[in-house]
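For reference, the chains in residue letters:
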Amino acid sequence: MDKSKESIERLCHQFLPDIVDLLRFLRTYNMKETETCFRRECHSLVNTLNKTSVTNEDQSISNSINVNDYFVVYSYLSNFIFNSPYQIELMQFLFPLFVHLYLDLLEHNYINECQQFYKQFVHSTFYSFHSEFFNQLKLISQSSKHLYQCVLTNAFRTSRFFLRLSMTSCKELQNFIDYTKNLTKINSQFYLTPSQISLLLSIFQQYIKVDINQQVFTSSNIVRYQTNEQPMTPIFVHTNLANKIQFTRLYTGLFPLQSLPGDSNRSSAQYSQLNRGDLSSSYPQINYNRLPNTNDLNNIPRLGPHQLPSICLFTLKNSKQIINCINLSNDCRLLAIGFQSSEILICSLNPNNKLYSMKSTKELRHLLNKSTRNYNLDTTSFIETSNERVLIGHTSAIFTLAFEPTKQTYLLSGSQDCTIRLWHLTIWSCLIVYKMHFQPILDIAFAPIGHIFASCSIDGLICLWTIDKINPFRIYPEYGYSGPINLVVFHPNSNYLASAHNDHTIHLWNIQNENALVRIFNGHRHQISSLCFSPNGHFLVSGCWNGEIILWDIQNNLQIAHLFLHKQAISSIEFSPLTGTLLLISSIDSTISLWNCFMITKIYDEKLTDSMNKNLSSHKILLNVFKTKNIPIFHIKFSKENILYAIGLTNE
């Protein structure tokens, strides 16, 4: 019996490394059922060690891990990053490395060492950006049993961090790793052992995804107005989605090209079929932006630094109900207001343009008593005119409104009751109710082509719809909940859709393909409150709740400018029509700022940021600031006559 026991122990000792690696793999991917089944088979195989098998396996796993390696690896890499000239970009690696080293120690029940690692290396550079996560991380540091019960830590283990590096920074990191591999105890006093190098590379390969920008590292390129340079903060994306992110070249033009994929197979008959209104063939198929329907474009004033637009401000006052959202039609003739009481008010901004509707049956009942043979009825007797219309249909608060951009006869409304309604602005009634989201609707946006619209919700889903179908034809993302999505906006060519997420990032989707995430813009420190594409489709402007504004280069996924003037949340962003040389931004701090977008891009291209001082930048970039007495601005929009309409709300 002793000989058999010795043979079993010798056999276990021979295959112990493989067993340890397999158990580590099962624990890493949270395969609890497979792990328990494997342990049960090991127990049945080693009957003589049945009582101590579980503890021996745990001890073997723990003994195979050198706790000191975790401290050495993190301190070694952090010293390299802080001494590197590219630390602004390389500092992104510290947060994911810290998180996964911490979770590894916690997973193997090194509670005391885990807390010591936290106190020693939690750094202020990324602690302020992820303070909420660190507060939750402290709660699970008492036991490894809480590791997979926490939703956030489970998301970290099933996701990959998305980082963006320039080519020079990536080469610097690669040279550092190659240099570290060649170091030995004889060559240098500070070196990494093979196990430490393996630990570092395993985290890089398993939990980090790097997008390499072919351009050279030039941190001073960004045009800054009263802002300081700050390190980027990494974001983590679900593994299924991170593997599908496309870094292909985007088509940001306004007119179709023959070289576009899928356009060569598209016949002119399909385009004519779409123009006739038959949308059932395929979605979406149009990839161009229609020009304004006017025969005399030369009479429209060209706006620029020397010809600023006129601003017409409308103030909403004495409202008996709470106003949640405001929107203007494209021709700036109609104003839609969504209330907390589930009502929608449509107002005509021009007193001469009345809103027509059919009179009620009670008012028309007297016509039935009269004989109509010899009686010529006046058509005006059937029609009722007024400057306001109320739309009733939702059962809860209205959160978002959107006018159809082409014919402007339809209005979309999103509500807290998780439904979207399509209203006809001639008969003033609801046509369709769209139901897909299971939480309140936060934003709705029409595509420039008109018949396609997008919706986003607290449930973390983006749905793409056509007005003639009650079911969406696209749902982003495919893997499920990713946090609330606050804003959606279409690209001018209707090929792409930008969405603002709760983790302060902006995702760009290619709606021609299913679940095609093509860009992730990361740079804001607060919640994003407004998005807008430039008329030429090359740039994207985003504003957040602290008043910061970022101008993005969509093609290269680069930040062109950081503008910080407003003290409160950015409520609306608009470009000057046609040319897009002017950028107008409204805020709830009762101001509208006007920026020279042409000069911003020119300075960025010429890389003159270092030689610019604050006064020079203010004269060239910031053209003017329009202030109201005490009226927060909630919405701005350009009319066809290049007049800027602004909607404000009194504090009362």
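Calculation criteria
Residues take numbers from 1 onward in each chain, read along the sequence in its written order. Only residues with pLDDT of 70 or above have their local features reported here, since the model is predicted, and side-chain atom pairs are shown and tallied only from 80 upward, although totals for entire chains, interfaces and linings are computed over all residues. Heavy atoms from the whole structure form the basis of all side-chain values; hydrogens and water molecules are not counted. A run of H or I in DSSP counts as a helix once it spans at least four residues, and a run of E counts as a strand once it spans at least two, with each numbered from the N terminus. Burial classes follow relative accessibility: with a 1.4 Å probe on protein chains only, a residue under 20% of its type's maximum area counts as buried, one over 50% as exposed, and anything between as partly exposed. Here, two residues are considered to be in contact whenever any of their heavy atoms come within 4.5 Å of each other. Only the protein chains shown count as covering a residue, and every accessible area follows the Shrake-Rupley method with a 1.4 Å probe. As used here, the term nonpolar core means buried Ala, Val, Leu, Ile, Met, Phe, Trp, Tyr and Cys residues forming a set that is joined through side-chain atoms within 4.5 Å. Paired strands, in this sense, are two strands between which DSSP finds at least two bridges. Axis lines are fitted through C-alpha atoms, for helices just across the contact stretch, and the angle between N-to-C directions can take any value from 0 to 180 degrees.

Trainee: How do you make sense of the overall build of the protein when you look at a structure like this?
Mentor: Along its length, the protein carries 17 helices and 33 strands. Scored against the burial criterion, the 652 residues of the protein give a buried share of 50%. The long-range fraction of contacts in the protein, counting pairs at least 24 apart against all pairs at least 6 apart in sequence, stands at 60%. As displayed, the protein has an accessible area near 32,200 Å², and 51% of this comes from carbon and sulfur atoms.

Trainee: I tried to follow the nonpolar core on my own but got confused; where do I start?
Mentor: Of all hydrophobic cores here, the largest spans 46 residues; its most connected members are Leu77, Phe93, Phe98, Phe117 and Leu173. Going through the elements one at a time, helix H4 (67-82), helix H6 (94-107), helix H7 (111-121), helix H9 (131-139), strand E1 (159-166), helix H11 (167-182) and helix H12 (194-207) are the ones with two or more residues in this core. Top contributing element to this core by residue count: H6, with 10 residues. Phenylalanine 93 has contacts with Ile81, Leu163, Leu165, Leu173, Phe204, Ile208 and Val210, leaving out every residue within four places of it along the chain.

Trainee: What am I meant to see in the sheet that holds strand E25 (residues 539-544) here?
Mentor: Strand pairing in a sheet relies on backbone hydrogen bonds. The paired strands run either parallel or antiparallel. Overall, mixed pairing links the 5 strands, which are arranged E3-E27-E26-E25-E24 in an open sheet. The sheet is open, and its two borders are formed by strand E3 (223-225) and strand E24 (528-533), each paired with just one other strand. Neighbouring strand axes in the sheet, compared pairwise and without regard to direction, differ in orientation by 20 degrees on average. Here 5 bridges tie E25 to strand E26 (residues 548-553), and the two strands are oriented antiparallel to one another. Paired with valine 541 across the two strands is leucine 551, which belongs to E26. Sheet strands in contact with helix H16 (residues 597-606) are E3, E25, E26 and strand E27 (558-564), and its direction is about 130 degrees off that of E27.

Remember, this is a structural readout, not a statement about activity or role.
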